[in-house]
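# Summary of the model geometry
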Amino acid sequence: MRQSFAWWSFKNRGIEPLALLKAAADIGYDGVELLPQEFWPAAKDIGLSIAVQTAHGPIQHGFTQREEHPRIIAAVRAKLDEAVANQIPVLILFSGNRQPGLSDDQAAELTAEGIRAIAPFAESAGVDLVLELLNSKVNHKGYQADRTEWGVKVCKLVNSPRVKLLYDIFHMQIMEGDLIQTITDQNKYIAHYHTAGCPGRAELNDDQEINYPAVFKAIARTGYTGYIGHEFVPRGDTIAAMRQAFELVKAVQA
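Below: a short report on this structure. (Residues numbered from 1 in each chain as written. Predicted model: local features only at pLDDT ≥ 70, side-chain atom pairs only at ≥ 80, totals over all residues. Heavy atoms only, no water.)

## Thoughts on the overall build of the protein
Rules: Every helix listed is a DSSP run of H or I at least four residues long, and every strand listed is a run of E at least two residues long, numbered separately from the N terminus. C-alpha atoms define the radius of gyration in this analysis, and the globule rule sets the expected value at 2.2 Å times the number of residues to the power 0.38. Each accessible area value is a Shrake-Rupley result obtained with a 1.4 Å probe; residue values ignore everything except the protein chains displayed when judging cover. For this count, His and the chain ends are skipped, Lys and Arg are scored as positive, and Asp and Glu as negative. For charged residues, the charge sits on one atom: NZ in Lys, CZ in Arg, CG in Asp, CD in Glu.
Within the protein one finds 11 helices and eight strands. In terms of overall size, the protein behaves like a compact globule, its C-alpha atoms giving a radius of gyration of 17 Å where 254 residues would be expected to give roughly 18 Å. Taken over the C-alpha atoms alone, the protein extends approximately 45 × 40 × 30 Å along its principal axes. If you sum the accessible surface of the protein, you get close to 10700 Å²; carbon and sulfur atoms cover 48% of it. Looking at charge distribution, the protein has the averaged site of its 25 positive side-chain charges lying 2 Å from that of its 30 negative ones.

The following block contains the structure:
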């Protein structure tokens, strides 16, 4: 398993951008996520890949709204070209929010309809499109893809080897728990993981409720070789928190 970190959650904490990238590379990180394009050359020079970028936005306006499909499809196709040119292996998709009068099954069909239109381009590009699972209880009120079962249904409906899920451990702990069993049962539909301490999205330490060493062991047992993306907001020393999270994953692969 490789490791990456989300730029948004570690930036602006008293460390210059290039120093933060260099510190991550020195720790052993393989990649950085959601990095502004202006920093891509520097990251690559340091030895960090651009692991993940978003393919469209905003989060609340996604595939659950048919009128948004043309805009999103055009945006994703452009991002796929950008991903190929910059060796970016994963792009994030968003379901959008629940729509009045639309059942969960209808929303899954509509979401799959939109994603099917871009799946062949992802297959040709060799890039994974991952539908992100987010909690609708605390952080993203109304978001449709807030359960693993629903996300898996969309993947099955699309039926493409390049369309899978971003399983955000923090968000799914809030919504459904049962993390290890879900990861074990549904791993073939998961192409990326995000971490954060729960509750509060802080460090992966003993002040939060997720047993991350056990979760990482479960992921490793599936044979997963993609990225574990750390997306927490440190409350203490930024570099120390980055190192501590990195070592948790590294320990299960020793």
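## Thoughts on the nonpolar core
The line we're drawing: Residues belong to one nonpolar core when they are buried, are Ala, Val, Leu, Ile, Met, Phe, Trp, Tyr or Cys, and are joined through side-chain atoms within 4.5 Å. To sort residues, take the accessible area from a 1.4 Å probe on protein chains only and compare it with the maximum for the residue type: under 20% means buried, over 50% means exposed, and anything in between is partly exposed. Any two residues having at least one pair of non-hydrogen atoms within 4.5 Å are treated as being in contact.
Residues F5 and I219 are the most contacted members of the largest nonpolar core, which totals 84 residues. The dominant element in this core, judged by the number of residues it contributes, is helix α11 (residues 238-251), at six residues. F5 has contacts with F10, L20, L21, A24, Y29, G31, V32, E33, L48, H230 and M242, leaving out every residue within four places of it along the chain.

## As for the environment of D146
Selection criterion: Counting of polar contacts relies on pairs of N or O atoms within 3.5 Å, with two restrictions inside protein: one atom must be capable of donating a hydrogen and the other of accepting it, and residues adjacent in sequence are counted only when both atoms are side-chain atoms.
Mapping D146 onto the fold places it in the loop between β5 (128-132) and α7 (148-158). Judged by relative accessible area, which is 3%, D146 ranks as buried. Sequence spacing of D146 and E132 is 14 residues, and the spatial spacing of their C-alpha atoms is 8.6 Å. The contact partners of D146, leaving out residues within four places of it in the chain, are R98, L134, S136, M172 and M175. Reaching out from D146, the side chain makes a polar contact with the side chain of R98 at a distance of 3.2 Å. One polar contact links D146 to S136, side chain to side chain, over a distance of 2.6 Å.

## A short note on the pattern of salt bridges
How we decide: Think of a salt bridge as a Lys or Arg side-chain nitrogen and an Asp or Glu carboxyl oxygen that are within 4 Å of each other.
The final tally for this structure, using the stated rule, is nine salt bridges. Note that R71 is salt-bridged to E68, the shortest N-O span being 2.7 Å. Relative accessible area serves as the criterion here: at 16%, E68 is assigned to the buried category. Taking the shortest distance from any N to any O, the salt bridge between R162 and D128 comes out at 3.0 Å. Residue R162 is found in the loop between α7 and β6 (163-168), and its partner D128 is found in strand β5; the two are separated by 34 residues along the sequence.

## Here's the deal with the environment of T148
Looking at the secondary structure, you find T148 in helix α7. Residue classification places T148 among the buried residues on the basis of a relative accessible area of 3%. It is 24 Å that separates the C-alpha atoms of T148 and E203, two residues lying 55 residues apart in sequence.

Note that every value here comes from positions in space, so none of it alone points to a role or purpose.
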